[in-house]
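Coordinate inspection notes
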Amino acid sequence: MIQYAAILLFVLGLYGLLTNRNVIKIIVSLNVLEIGLNIFIISIGYVSGGIAPILTSVNNTSALLFVDPLPQALVLTAIVIGVGTTALGLAFAKSIYAKYGTFDLDEVEELK
Amino acid sequence: MANLELLLLIVLGTGLVAYLLTKVNQFLGSVFTIAATTFAFVSLAAYGFNGGLDTTVQWIPWLSFSVTNLGFFFAIIIVFVYLMVSFFHPYFLDHYKYPSVYNMLFLWSLAGVLGTFFTENTIQLFFFFEFIVWTSMFLIPMGKSKKAAVSYYGFSAAGSFAMLFGILVMANVSGSYGLSTGLAALTGSGKEALVFVLFLIAGFAKLGAFPFHIWLPEAHGNAPHPFSPVLSGALVKLGAFVAVFALIRIAPFSVTIDAIALPVAQWIVAILGSLSIVFGTLMAIREDDAKKLLAYSSMSHGGYILVAFSLLDSVAFAGGFYHILAHALASAGAFMAIAAVARQTGTTKMSELGGLIHKMPVTYIVYLVAIISMAGIPPMGGFISKWLIFQAVLNKGMVLVTIAVFFGSIGSFLYVFRPLAALFLGQWITKYDGQVKEAPLLMMIPMLIITALNVYTGVFPDWLLGVTNGVITDLGYPALQVAVAAPFTLNGYYGTLAPAIISLVFAVGVVVAAIIFFVLKKSRKVTLMDTYTAANFVHNEELLHYTKDFYAPLERLYEKYTTKMRDFYNALAYKVKEVGQLAKYLFMSKFAEVALFWTILILIFLLWGEF
Amino acid sequence: MSAVLLIAIPLLVAFVSILSKKLAPWLLLATPIANLVLLFLVPTGIVVIGGFQPPFGISLLLDTYSFIALFAVNALVFVIGLLNVKEYHQFSSILLVALAGLNGLILTNDLFNLFVFLEIAGIAAYLIAASNKKPASVFHYLVLGAVGSSFYLFGLIILYAMFGTLNMVDMIEKINAATVSASALILPFFLMFVGLGVEAKLLPFNSWVKGVLGSSNTMSGPMFASVYAVTVSFVFGRLLNNLFAFQGNLLVVVVAILLLGIALGEAMAFSSKKAREILLYSSIAQASVVILLFVNGLVLWGALLAVANAVSKFVLFYVVTKAQKEVGCDDLDSLQGMFQGNYVVGVAFSVAALSVIGIPLFAGFVLKLGYLTELAANANWLAIAVILVASLVEGIYYVRMLVKLWYPGEKEVKVSFGNVATVVIALAAALLLVFGVYRGPIDNLDNTIDSVSEVIDLG
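This structure is a prediction, so every number in the text was calculated from the model and none was measured.

When helices and strands are counted, chain B shows 25 helices and eight strands. Its C-alpha atoms give chain B a radius of gyration of 26 Å, within 12% of the compact-globule value 25 Å for 611 residues. Projected onto the principal axes, the alpha-carbon positions of chain B cover approximately 105 × 65 × 60 Å. A burial count over chain B gives 56% of its 611 residues as buried. Here the analysis covers contacts within chain B between residues at least 6 apart in sequence; of these, 79% occur between residues at least 24 apart.

Our focus in this paragraph is the overall build of chain C. When helices and strands are counted, chain C shows 19 helices and two strands. Each principal axis of the C-alpha atoms in chain C carries an extent, and together these give about 70 × 55 × 45 Å. Within chain C, the fraction of its 459 residues that count as buried is 66%. Long-range pairs, those at least 24 residues apart, make up 81% of the contacts in chain C with a sequence separation of at least 6.

Moving on to unusual backbone geometry. Here the bond from B:Phe210 into B:Pro211 is cis, since omega is 5°, no more than 30 degrees from zero. With phi around 65°, C:Lys133 is a residue other than glycine that occupies positive phi space. Topologically, C:Lys133 is positioned in the loop between α5 (111–130) and α6 (135–163). Even without glycine at this site, C:Ala379 takes up a positive phi of about 55°. With respect to the helices and strands, the residue C:Ala379 is situated in the loop between α15 (363–377) and α16 (381–406).

Our focus in this paragraph is the packing of α5(C) against helix α10 (residues 220–243) of chain C. All names here are of chain C. In contact at an axis separation of 11 Å, α5 and α10 are set at 170° when each is read in the N-to-C sense. Taken together, the axes of α5 and α10 are roughly antiparallel relative to one another. Residues Leu114, Ala125, Ile128 and Ala129 of α5 form the contact with α10, whose own contacting residues are Ser220, Met223, Tyr228 and Val235. The residue makeup of the contact of α5 with α10, split by class, is seven nonpolar, one polar and no charged.

Turning our eyes to something else, we now look at the nonpolar core. Within the largest apolar cluster, 448 residues are counted, with the highest numbers of intra-cluster contacts made by B:Val79, B:Val81, B:Phe199 and C:Val315. Formed jointly, this core draws a minimum of three residues from each of two domains, domain 1 (1–125) and domain 2 (572–607) of chain B. The contact partners of B:Val79, leaving out residues within four places of it in the chain, are B:Ala40, B:Phe41, B:Leu44, B:Leu110 and B:Val113.

All right, on to the environment of C:Ile80 then. All names here are of chain C. Secondary-structure assignment places Ile80 in helix α3 (residues 64–84). For Ile80, a count of 26 C-beta atoms within 10 Å translates into the label buried. Separated by 341 residues in the primary sequence, Ile80 and Ala421 have C-alpha atoms spaced 9.6 Å apart. When neighbours within four sequence positions are excluded, Ile80 is seen to be in contact with Met219, Pro222, Met223 and Val227.

We now examine the interface of chain B and chain C. Counting residues at the interface gives 43 residues for chain B, matched by 46 residues for chain C. The set of elements that each furnish at least two residues to the side of chain B that touches chain C consists of α6 (122–137), α7 (147–174), α24 (564–588) and α25 (592–607) of chain B. Counting residues per element, the side of chain B that touches chain C draws most heavily on α7(B), which supplies 12 residues. Here the side of chain B that touches chain C is built from residues that sort into 31 nonpolar, five polar and seven charged.

Turning our attention to the domain arrangement of chain B. Along its sequence, chain B is organised into domain 1 (1–125) and domain 2 (572–607). The C-alpha centroid of domain 2 of chain B is placed 49 Å from the C-alpha centroid of domain 1 of chain B.

Residue and element names in this part refer to chain B. Turning to its location among the elements, Phe32 is positioned in helix α2 (residues 26–48). With 21 C-beta atoms packed within 10 Å, Phe32 lands in the buried category. When the C-alpha atoms of Phe32 and Pro229 are compared, they prove to be 20 Å apart, with 197 residues separating the residues in sequence. With residues near it in sequence (within four places) discarded, Phe32 still touches Val17, Ala18 and Leu21.

Attention now goes to helix α2 (residues 24–41) of chain C. All names here are of chain C. Along its 18 residues, α2 runs 25 Å from first to last C-alpha, staying within 8% of the 26 Å computed at 1.5 Å per residue. Along α2, the residues classified as buried are Ala24, Pro25, Leu28, Thr31, Pro32 and Asn35. Considered in projection along α2, the buried side chains sweep an arc of 130° and stay on one side of the axis. Among the exposed residues of α2, those pointing more than 90 degrees away from its buried face are Ile33, Val37, Phe40 and Leu41. The inward-facing, buried residues of α2 abut α1 (5–19), α3 and α4 (92–107).

All names here are of chain C. Where helix α14 (residues 343–357) contacts helix α17 (residues 419–437), the axes come no closer than 9 Å and their chain directions differ by 40°. Here α17 runs oblique to α14, going by the angle between their axes. Crossing of α14 over α17 shows left-handed handedness. Between α14 and α17, the contacting residues are Val344, Val345, Val347, Ala348, Val351, Ala352 and Ser355 on the first element and Thr422, Ile425, Ala426, Ala428, Ala429, Leu432, Leu433 and Gly436 on the second. Looking at the contact of α14 with α17 residue by residue, the classes come out as 12 nonpolar, three polar and no charged.

Okay, the pairing of strand β2 (residues 59–62) of chain C next. Within a regular beta strand, the side chains point alternately toward one face of the sheet and then the other, so they alternate between its two faces. All names here are of chain C. Of the two faces of β2, both are covered, the one formed by Ser59 and Leu61 as well as the one formed by Leu60 and Leu62. Taken together, the four bridges between strand β1 (residues 45–48) and β2 define a ladder with antiparallel strand orientation. Counterpart to Ile46 in the pairing with β2 is Leu61.

To continue, consider the environment of C:Ala121. Residue and element names in this part refer to chain C. Looking at where Ala121 falls in the secondary structure, it is placed in helix α5. Take Ala121: there are 25 C-beta atoms within 10 Å of it, and that puts it in the buried class. Considered as a pair, Ala121 and Pro32 are 89 residues apart in the sequence and their alpha carbons are 16 Å apart. If we skip the residues at most four places from it in the chain, Ala121 touches Ala98, Gly101, Leu102 and Leu105.

Residues and elements named next belong to chain C. Across chain C, the average pLDDT comes to 86, with 100% of residues at 70 or higher. Least confident of the elements in chain C is helix α19 (residues 452–458), whose mean pLDDT is 72; most confident is helix α12 (residues 275–295), at 91. This complex was scored by the predictor with a pTM of 0.90 and an ipTM of 0.92.

Reading the values: rules and limits
- Residues numbered from 1 in each chain as written.
- Chains lettered and ligands numbered in written order.
- Predicted model: local features only at pLDDT ≥ 70, side-chain atom pairs only at ≥ 80, totals over all residues.
- Helix = DSSP H or I, 4+ residues; strand = E, 2+ residues; numbered from the N terminus.
- Rg over C-alpha atoms; globule rule 2.2 N^0.38 Å.
- Buried ≥ 20, exposed ≤ 12 C-beta atoms within 10 Å, placed from the backbone.
- Contact = placed C-beta atoms within 7 Å.
- Axes fitted to C-alpha atoms, helices over the stretch in contact; angles between N-to-C directions.
- Parallel < 35°, antiparallel > 145°, perpendicular 65-115°, else oblique.
- Nonpolar A, V, L, I, M, F, W, Y, C, P; charged D, E, K, R; others polar.
- Core = buried A, V, L, I, M, F, W, Y, C linked by C-beta atoms within 7 Å.
- Domains from an automatic or database assignment.
- Expected span 1.5 Å × (residues − 1).
- Arc of directions from axis to C-beta.
- Left-handed = near helix turned anticlockwise from the far one by under 90°.
- Pairing = 2+ DSSP bridges.
- pLDDT = per-residue confidence, 0-100.

In structure tokens, the structure reads:
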């Protein structure tokens, strides 16, 4: 079920990218898309009824049902990369504003 | 034994040396170029005619050579034209932007010629084809027009790529890149028609035959003056070389037309060849630039060659091969004479010239002999070849083609006479007073040699026909009957020709005319402006010029249609441009939307019906 | 010595170089050299990282295939750095990060790691593109790049859900062993194809190219057109050869995309008047040719063509962007006759252009004949026909360009290239000339330069 929600978010992000012409809104859409993707990745590793894949004094046998830890590691990396991209995107947004005085790409197009 | 690979490498090497020498001194570099081409021609001629060309040496692993009569026939003609033209270099190079490059590329394209005709490997054939294209391509823009190089490259490359496609198909059928094995393996494979068409496209494009003739006037007319003879006399013959493979050696399976005993494919080519003859003639008639006029005449002569090779008949083949030789000599002679005129006066426009016979009598003779040969009048080489082609066409009973070849021949009278009348005869144009004198001696040498050969090919064709007979028997057809003893007759279908006797009659005629000319009173010379009309003096010299609206009534009949093919190619280029602009608009003007839109569209297509 | 140093050194140096602005340009020049030396010292084969035996953990794969790519990338980065060290010294650290990312892309044997390197190289690319001073087009590039890599990640995760592994070799084994219907693989494969297609400049996904390359400078032009292009081609090739088993509709769609890319790319270049635009559309078409060769399994020819294109495009883009900078405009008409005083550069430029068209004596000809004959042996006539027609169009506009640049128009154009640039460009052109005549190295290589299938056979 959660996967459908994730894909919905992903598609919502795509929709935002397609319809928005405002730089900031585009960056937000990009983030929505990435969040959808991240949730999707997490959901792949989820095992129904599984527990966190950490060996503790309580959970100390591999016979227990753990969730897949790998997607979680992947998501961490993906989030970091996403943050980096967003930061860079915002920096470009700033320089677009500095150069053209607007955030609207259509107007930028006209000003060129 | 002369080693072909060594010869090729030497010519390539001399190209570099010529480059350096020309940098130091233009005259020195040009003389060296003459020496290098002479070396190439002499070694080829000295060893080639008695089968002494060595092909066994293999220094470059991916190059292999093989000598055939066909290849040698083409090579010796083309190298000869190169040799003749090289004598012009010392007097023209200073006009060009990059003289040292000119000499280098000239020699390199000569090396390409050596490679093209002496190979059994199809890939190597393509290699040298393209090599000639790019080396000659950079020579053309040194002339008048930069666009000419582009259209030359476009049509040449279209031809070579068509040939490459054919080569690849052939290799796919035969499993090897051998030329003979490939051509042999095609028979019965079902692919022969495709390769036939592709090779013919290459042949037509290189030969500048209809419908690929647009580049001829562009390139020949605008190329540097000494390079036009090479283009017209030598390099277009590459097309004939490829056409021979297609028409004679592939011969695809197709329905034979019983009435003329000829396959449909060959018949179509003959018709296209006739169209080339007719269109070339009509276009040449209305051209004002002497070089462009000769370029259109090349187109028309390309048509003759195609018609000859499509008839599948030894008399026609003899005519075709002899025509290649005769046209190479005639067109080289004519172009060289025009080049000499252009050097002395700075123009090739007929309406701006006149009366040059008084100042340049030798050039006049050279041009006169060349155009006599071109028009197919005895006693020059062009007559022999046209006579043979006429015989073969008549014998096949191809009415339309017969009309075309005769029309082209008569048309030749109409157009080649015009530059003669405009440039050399008529009244002297006063603006050249004191400027013009006869061409320098070094330029005279090749022009006179070519003139002598034009006559020789018309008077004593027996030995040269023996050479073409060698080519024809190689191709699997019976040789033309030529009497080796005097009076050297050759047999066609409708009678026997004795060129030497005809020539004798002509010689007597010329002598009688000369006697009359010298004995009678001299005519009085007047200038063009020495006239008045309606009691007024005329001040516009050009309007009174001999060639002004010379064939106006005839031209009016078809002048509306003369730009049709050019318009077609321009429209084609424009369409490509439009597609490009559309693609730019569709894929490049907006940003991410486009990519996403297409991705989603394709995904829907792919996953349709999966879920 | 391990191949991982090829990634680690540039990354480390990149961070070090931030500390000293003075030292940074020297570090930029030293690192690719060090990498090139290292490349000959490290052993080939699979490099296990962190002691995790494959298929667990990340592993790298160094074979002839990646060797060629690494050599080309490091050498080109060195050369580009050398030519721009004065003007763009503040970009030294970014070029080093880019180098690390690109080396990683080529070496990695792990599909998620590939995504990470794609992003590293991508972020570096956005910053390099920023040197064009056109923030809006860089922003387009950023969005498209981010969406592209998200698509790649999406496809990858679906594959992971199906097969439970991220190691490429392991994944290929599992795909071969499993009885998954081809249609189930369409979605992940196509998503990954699109993701990489954005970076590889394939036609419908490449709208960023015009904005970025169309206003590129002496650094960003060669970086994108040669370094990034060759890397992405090699990565794409690796995946296409081994992982992506395109079948049925998917194969049809992919081939159609590529053929359209070739034809439309050349048509777009034909309709352009600006030098940089002509070159960028031509590289779109060339990229499609390379990928098409990989799709047809012609690994060797695809790889060599990618390298030859990188060298030619480096020369072409450098010369054109330099001229644009000095003249202030890159309309062909305003650059007429720019080679008049620059014979060496002019000859090198002509050689590079002729090599791209595939004219005899230059490397491009050997390659073109090589892959065309292979395609003919597979009776792939449609591809041959499209490539030949496209080459014709390509030849016409390149010849038009060359003639214009050699022969002066009304205005005198003066461009000075400097000695270093002249020598470098001449060397690059000489390389194209040498490999156009001497084909010894090519004869010793074949499609097994890509050793993934061997690794799989060994288990």
